Structure formats: C-alpha cells, structure tokens
Amino acid sequence: MASSSSPQRLLHMLSLILLLFAFCSISESSQFCDAGFGYGESCGVSSSSSTKLLIKGGTVVNAHEMEVADVYVEDGIIVAVRPNIKVGDDVIVLDATGKFVMPGGIDPHTHLDMEFMGSGTIDDFFSGQAAALAGGTTMHIDFVIPVNGSLLSGLEAYEKKSKKSCMDYGFHMAITKWDEVVSKEMEIMVNEKGINSFKFFMAYKGSFMINDELLLQAFKKCKSLGALAMVHAENGDAVYEGQRRMIELGITGPEGHALSRPPVLEGEATARAIKLAGFVNTPLYVVHVMSIDAMEEISRARKSGLKVIGEPVVSGLVLNDSWLWDPDFITAAKYVMSPPIRAAGHGKALQAALSMGTLQLVGTDHCTFNSTQKALGIDDFQKIPNGVNGIEERMHLVWDTMVESGQISVTDYVRVTSTECARIFNIYPRKGAIRAGSDADIIILNPNSSFEISAKSHHSRSDTNVYEGWRGKGKVEVTISGGRVVWLNDELKVFPGSGKYVEMRPFSYLFNGIGKADAKYLSSLKAPVKRFRATT
C-alpha cells in the first residue's frame, strides 16, 4: 500500500485533477470555442499540442470482436490495445471499468451550412460538429452542393465553410446536372480531391433532379472512376404531381408533404435506380431508406447478388408520421423531411432489416432549420425547408432502440454506427476500429447510464428537436477526437480549426469482382455473330 503515496502516484493524481479542472471550468453558457458562442482568443489549446492517454479496464469493442483491454494513445494515434499496459506519469489515465470502449461514430449523411429551399441550415461546420462530438460521433461525411452545376466551385465553397471544423470530416459530391465539364470535374474530384462518392437526385423536379438518361451516363462514369454512386430515390415527376394534387384538395399543411410523396414513389425510384446500376454493373448506395417499399427492393436486389447498400437514418428508424398531423404548425413542421417520416410500422420493419443485415449502416441526414425558417411554409407545405436533426442523437438512439431491445449485438452496434461506413468509403482501418495504428477517435459508453434529449440541452443551434423528451439507456460519457478528450462530465472542449479533412480513395471493397463480372457478361453474349452475305 506504500505505493499509493509515492511521488509518482501524486503526480498522476495531480495531472488528472488538472484535466478535470480544465473541462469543468467551461461555463454552461459558453460551451463552444467560437466567437458566436462567447469564446475569444483564450479558447482551448493549440491544435498542434500532443496528448498521451491510457484508457484502462474497459471492454474494447470492434465490429467483429470484444475484449477487456487497455488502450494507449499517443499523438492522436492508437499505439497499443492489450491488457495491463504500463505507462509513465506524463500520461492521462481514464478508467473505463464496466464500460464499453468503441470507435467513435461516423455519420455518413449530413448537410451542414447548406443553402436549400430559400434558406440555409442552422448548423454550420462548427456547431454541427460540436453537437456530433457531444453525442459520440467523431467523423461525418457531408454533401458538397455544386455552384451553378460546377463541382469545383462547389468544393471551393465547402472548403471555406469547413475551415471552422472541430472534428474530422469527408465529402460526398452531389451532381445536379450532366455534361462533359461535369464528367471531367468528377475525375478531378476522385483523382485529386479525395472524394470517392457522388450523389444523384431522382427528386426535386426543377432543381436537383436528373433524368434516367443522365443517370445512366453518370453511373458509367462512377464505375470507371471506382467511385460509389449514391441516389436520393423518389420519383420526382410523381412527387410533383402529388404536390399539385394536395394543393388542389386544399391540403396545404405539413401533412400534405407526406401525403404528396407516399412510400410507393420511394419504392419505385429505388427499384429503378437498382436496375439501372445493375445494367451498368456498378455498386449503388441508397441514402435515407425510409419505407418498407424501398427496403424490400434493396433486399430483393441483394439476394440476387447485386451490390446495393441501404442506409436508413435514425429518424426513419425511431419516429412515425403522426406528428405531421399535430394542430400546432411549428410542432408539425419540424418533422418535415424527404423522403418523409413514414407511418407506424415502417420504422419497425427498417429496424428488423438493419438487424438482419439487409440494411448496412445508420446515418442521420442531419439538415436542421429552426422554427422561424420552417414557418416560411406556413401557408404551403412545399415551402417548408426539408430536414431534421440527428447528428448528436444518433449514437444514443441506435443503442437504446437496437441494443437495449436485443435486436443487435454490441459488436453489430459498432459495425452499423462506424465500421461499415469506414469500409464503404475506404477509410478503414484508419477510422472505424480500435486497433494499433488507427486514429484515436474513441468513445466510452456506459450501458447503465441514462440520457434524455431536449432542445434546451442539445448542442445544435436549432430551437427544436424531433426527439424531444426521449429518455433511454446507454450514454456516451467520454468522446476522444484525434487523441484529445473533447467530451467529459457533460462538458465540451472544442475549438474551430482543429478538425481535419479526410481524403477517401476510390475502389472500395464494393468494387471487388466487378471486372470479372463484366468479363463473364461479355463472354456470355456469344456475339457478334459472323455471318455470310448472300451473293446474287
């Protein structure tokens, strides 16, 4: 027992006290290191400072295994994962006994600082990422929107927006028109800019939507570049007709949004996109799968051997559309998103599909507008900016809904919230794993702690929350981003400019075997047939 009073022990205790003091000194009214939240020059520590951390005694969880082990971190990288790691006195020690040590979440689907429907999302690359870190997500992939169809101009705009980032991020690129210039710019995105995925809108007629002819050309280009084609799958022409129908019927409130774009239109577009991608023989990623109709098309395609990824979002998993009929407009309007949140029953089916592997990972489509912005459509649901929150809530809601209920295992939880995203977008094992050499993006989750969701306590700039009042089990108590403790004791320690852009290489595992399948197809044609010309 004499060692407990040794100088080394005292130094270690002092270092831990200083760390806790640093976090606790952040007042509740100034949780963010950002001028807009009351922070100035004195904010945080420099982004170049190094940290040595030891996470002791927790159950380390990866997508395929779990073990009780220590995790040692140095200079933002995981150095060792094994039991009983011994370290010096200059290392900060976090006790994770009885808790799970996991890779930080990766959100594959966000829209920060995006101009849309005559407004702009309320969360930028600082507030949105700060919210993410408070909820255990340590990386996200945002969608770059072209400027007047130009991918290069769009990327330049998003590079400026992301300068205030406080955690790691990557980019998808949206395609809103098609010509030779766009085709050449896609090459630049993949070969020089670290973007390996492109999103195509089958909805939003008159703005983002592209037709089947252009979709085919774009799919072919994605295949040649080793880039993943992504689709927002709704039949935009039919949605436009549905909107006209609702207005003619005098249905102008938020419920008209859901009624104008029923599940059948999502299912039809999903089936069409899958068949076109299959015709080209390129992998396909279907974003925000919201309905049984779309899920069943993905299931059918995967059973037939097609490489299709289905991404449900947390709002579709845990909510239903009943709120859209609320008599209070602000309450109803905050649930408007596209595709819509569906009727009760769809969410349960999506949960089952996730548990069975029919759907592979969970995103959020975090695209937040405050109540004033939503009120732009008070007389016409078509003018309500589409989008809900979720970047802070996803990790907690998936745990409470899927793990606590026994639908998925703890290792599956890591897979659907982190690892599979890293694999699909070709950044594994740098991200999505607790192993030597991986980035030190780590969370400590206490399965016995409870959480409660409220707009009063969340870290988004939005004044509403679609999960208001949700109480559940399983709380992220510590978030470590790039080797730095950023969330501890319900306090954030983040500052703008500390995040890094993560380049994503083409030709992920989804492209394995594509060449052989093409060769098999060509050999099966038995064509062209050599024919003799008839002579007279």
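Residues numbered from 1 in each chain as written. Predicted model: local features only at pLDDT ≥ 70, side-chain atom pairs only at ≥ 80, totals over all residues. Heavy atoms only, no water.

Novice: Before we move on, can you summarise the sheet that holds strand β10 (residues 168-175) with the specific residues and values?
Specialist: As summarised here, the arrangement of the seven strands in space is β6-β9-β10-β11-β12-β13-β14, forming an open sheet in which the pairing is parallel. The sheet is open, and its two edges are formed by β6 (105-110) and β14 (308-310), each paired on a single side. Taken pair by pair, the neighbouring strands of this sheet meet at an average axis angle of 25°, ignoring direction. Sheet analysis places strand β13 (residues 284-286) next to β14, joined by three bridges and oriented parallel. By the bridge assignment, Tyr 285 is partnered in β14 with Ile 309. Sheet strands touched by helix α5 (residues 212-225): β11 (197-201), β12 (228-232) and β13. Its angle to β11, the strand with the most contacts, is close to 170°. (Pairing = 2+ DSSP bridges. Helix = DSSP H or I, 4+ residues; strand = E, 2+ residues; numbered from the N terminus. Axes fitted to C-alpha atoms, helices over the stretch in contact; angles between N-to-C directions. Contact = heavy atoms within 4.5 Å.)

Novice: Run through the side chain of Asn 389, naming residues and quoting values.
Specialist: Structurally, the position occupied by Asn 389 is in the loop between α13 (371-374) and α14 (394-403). On the basis of relative accessible area, Asn 389 is assigned to the buried category, the value being 4%. Of the polar contacts made by the side chain of Asn 389, one reaches the side chain of Asn 465; its length is 3.1 Å. One polar contact links the side chain of Asn 389 to the main-chain amide nitrogen of Val 466, over a distance of 3.0 Å. Not counting the four nearest positions on each side in its chain, Asn 389 is found in contact with His 366, Thr 368, Thr 464, Asn 465, Val 466 and Tyr 467. (Buried < 20%, exposed > 50% of the residue type's maximum accessible area, 1.4 Å probe, protein only. Polar contact = N/O pair within 3.5 Å; in protein donor to acceptor, adjacent residues only side chain to side chain.)

Novice: Describe in detail the nonpolar core, supporting the description with residues and values.
Specialist: Membership of the largest hydrophobic core comes to 111 residues, with the highest contact counts inside it found for Phe 198, Phe 200, Phe 219 and Val 231. In contact with Phe 219, not counting residues within four places along its chain, are Phe 200, Ala 229, Val 231, Ala 273, Leu 276, Ala 277, Val 280, Thr 282 and Leu 284. Formed by 19 residues, the second largest nonpolar core is a distinct cluster that contains Ala 96, Ile 442, Val 478 and Ile 480. (Core = buried A, V, L, I, M, F, W, Y, C linked by side-chain atoms within 4.5 Å.)

Novice: Could you give an account of the environment of Glu 115, with specific residues and numbers?
Specialist: Along the chain, Glu 115 falls in strand β7 (residues 115-116). Not counting residues up to four positions away in its chain, the partners in contact with Glu 115 are Gly 120 and Lys 161.

Novice: Residues and numbers for the pairing of β12, please.
Specialist: A large share of β12 lies buried, amounting to five of its five residues. Alternating positions in β12 separate into two faces, Leu 228, Met 230 and His 232 on one and Ala 229 and Val 231 on the other, with burial throughout. Pairing geometry for β11 and β12, over five bridges, is parallel. Paired with Phe 200 across the bridge in β12 is Val 231. Here β12 runs beside β13; their pairing, made up of three bridges, is parallel. If you follow Val 231 over to β13, its bridge partner there is Val 286.

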